[in-house]
There are 4 protein chains.
Amino acid sequence: MPEHDPAKKWFRCTDAERAAFEAGIKLGAVYHQFVGLAVDRKGVEAVERAIEASVRAQPCVEDVTVRIDRKAVEGGAGPYGYVSLAAEMLEVEVTVTYGKATAVGTLRYVPELRYPLMYIKELKV
Amino acid sequence: MPEHDPAKKWFRCTDAERAAFEAGIKLGAVYHQFVGLAVDRKGVEAVERAIEASVRAQPCVEDVTVRIDRKAVEGGAGPYGYVSLAAEMLEVEVTVTYGKATAVGTLRYVPELRYPLMYIKELKV
Amino acid sequence: MPEHDPAKKWFRCTDAERAAFEAGIKLGAVYHQFVGLAVDRKGVEAVERAIEASVRAQPCVEDVTVRIDRKAVEGGAGPYGYVSLAAEMLEVEVTVTYGKATAVGTLRYVPELRYPLMYIKELKV
Amino acid sequence: MPEHDPAKKWFRCTDAERAAFEAGIKLGAVYHQFVGLAVDRKGVEAVERAIEASVRAQPCVEDVTVRIDRKAVEGGAGPYGYVSLAAEMLEVEVTVTYGKATAVGTLRYVPELRYPLMYIKELKV
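In what follows, the accompanying structure is described. Note that this is a predicted model, so its numbers are computed, not measured. (Residues numbered from 1 in each chain as written. Chains lettered and ligands numbered in written order. Predicted model: local features only at pLDDT ≥ 70, side-chain atom pairs only at ≥ 80, totals over all residues. Heavy atoms only, no water.)

### What to know about the packing of aromatic side chains
- One pass over the structure, following the stated rule, counts 18 aromatic pairs over all chains.
- A ring pair is formed by Phe34(A) and Phe34(D), whose centres lie 6.2 Å apart and whose planes are at 75 degrees; its orientation type is edge-to-face. Here Phe34(A) is found in helix H1 (residues 15–34), whereas its partner Phe34(D) is found in helix H1 (residues 15–34) on a different chain.
- You can call Phe34(D) buried: its relative accessible area is 2%.
- Here the aromatic rings of Phe11(D) and Phe21(D) are separated by 5.9 Å at their centres, their planes lie at 75 degrees, and the arrangement is edge-to-face. Of this pair, Phe11(D) sits in the segment before H1 while Phe21(D) sits in helix H1, placing them 10 residues apart in sequence.
- Counting every residue linked through ring pairs, the aromatic cluster contains Phe11(A), Phe21(A) and Tyr119(B).
- Sitting over the ring of Phe11(B), Arg18(B) keeps its end group 3.6 Å from the ring centre. (Phe/Tyr/Trp six-rings, centres within 6.5 Å; stacked < 30°, edge-to-face > 60°. Helix = DSSP H or I, 4+ residues; strand = E, 2+ residues; numbered from the N terminus. Buried < 20%, exposed > 50% of the residue type's maximum accessible area, 1.4 Å probe, protein only. Lys NZ or Arg CZ within 6 Å of the ring centre and 35° of its normal.)

Below, the structure is given as structure tokens:
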């Protein structure tokens, strides 16, 4: 992110709302860019690092960690020994800052909901 | 969206921040799901409707419109008469509500930035 | 496809092999472009038509049909009433011609393999 | 690939046509899974390795190399310092074997066509 945000004037919201918005973009991007990808045990770490690299390339990102469930990759492998990456296998945490606001967005499978939930774990100004 | 949000307890933010977050997810999803798609003049309307249908299927979405630049589709066609959908060709406006908050998120190419910008056009509580 | 294939000179193979190659591209494209898409009962038909439109836009395609499993869409819906499109829900048949060769490529879930298989159902010259 | 192909009986084609088909799937997959990804100079190598890992995870793949055009990544960067991966930036070569057949499939931008072409560079039995 450049020091002066070149897109600032298009936004009608607070810094905290902007941080929340940017966190949502990043999680939506990871999900819809990577779900369906062929992954096997040998390749899973390279895929995690690439997802992190791709998130880090985007504006406002302070930090990001991506983990893919090894058990799901090994246990779910089909007749050819790989799986199609599903959102349920992903755990993503991204920290986004804008102005004085910091948002931590998470994507992870929530067993209680049986759903890979994207949520705001923390938002402070 | 069901009347009672089953995921409410995982969020640490206001309704307005949640609406901003949800708008970000939807725009990130459209971009990263559909960019790269093969489109030609005959198919462009079907693609617009499908993107809208897919956004509408997601939580908190009140309304959505998607437009793909016809000139770019026709003028940019390669040797086989189609284009690969680029973010620069897309104009998306999504209205998201959460509790008492409503956010309007937009994705459109901003010539001044030479960039397909996602931004919050409006956010009211 | 234009009458004279502008890319012909780059290929080192027969017309039948080219038809098989082109069928593979189309099925790989559908899978990796659309898996992960949010779909609900109301939007499923629009999504089918858009996938077909996108395949038809590509070179060598004679015909294509796409079907998404309604039961999977309705029965698998999560807490917000939609599903993430999985390859297992898709049935795609694409007919590709090149020169005198015609290939019919299929993507469908094969219960015996527990796998969404892409295969060549027919290839004639 | 297991020694005995569990899907063999569904295919109506020669080994060479199968190899061509499988090469097409892999190139279609790379294109439609990864185009649109956010990439910057720092992350480009991680992305190349992940694409290779994902291709290698799939059936029949003997070898694969992926290169992303550094000049395009650096020169094309927008206001936030990254690019959206376009097919024009990709050079992919995948070697696929099936039975006694080996196919080399390529995706690369061909300036003469102004088009990112997928083609069969070599096919031998």
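Here the narrative resumes, following the displayed structure.
### Things to note about helix H2 (residues 44–56) of chain A
- With 13 residues, H2(A) should cover 18 Å at 1.5 Å per step; its first-to-last C-alpha distance of 19 Å lies within 8% of that length.
- When H2(A) is considered as a whole, its buried residues turn out to be Val44(A), Val47(A), Glu48(A), Ala50(A), Ile51(A), Glu52(A), Ala53(A), Ser54(A) and Val55(A). (Expected span 1.5 Å × (residues − 1).)

### Some thoughts on the layout of surface pockets
- By volume, the second largest pocket amounts to about 900 Å³.
- Of all the secondary-structure elements, those providing two or more residues to the lining of the second largest pocket are H1, strand S3 (83–84) and strand S6 (115–124) of chain A, helix H1 (15–34) of chain B together with strand S3 (83–84) and strand S6 (115–124) of chain C.
- For the lining of the second largest pocket, the per-class residue count stands at 29 nonpolar, eight polar and seven charged. (1 Å grid on protein atoms, 1.4 Å probe; cavity = no way out; pocket = protein on both sides within 12 Å on 5 of 7 lines; lining within 4 Å. Points joined across faces, edges and corners; volume = space filled by probe spheres on them. Nonpolar A, V, L, I, M, F, W, Y, C, P; charged D, E, K, R; others polar.)

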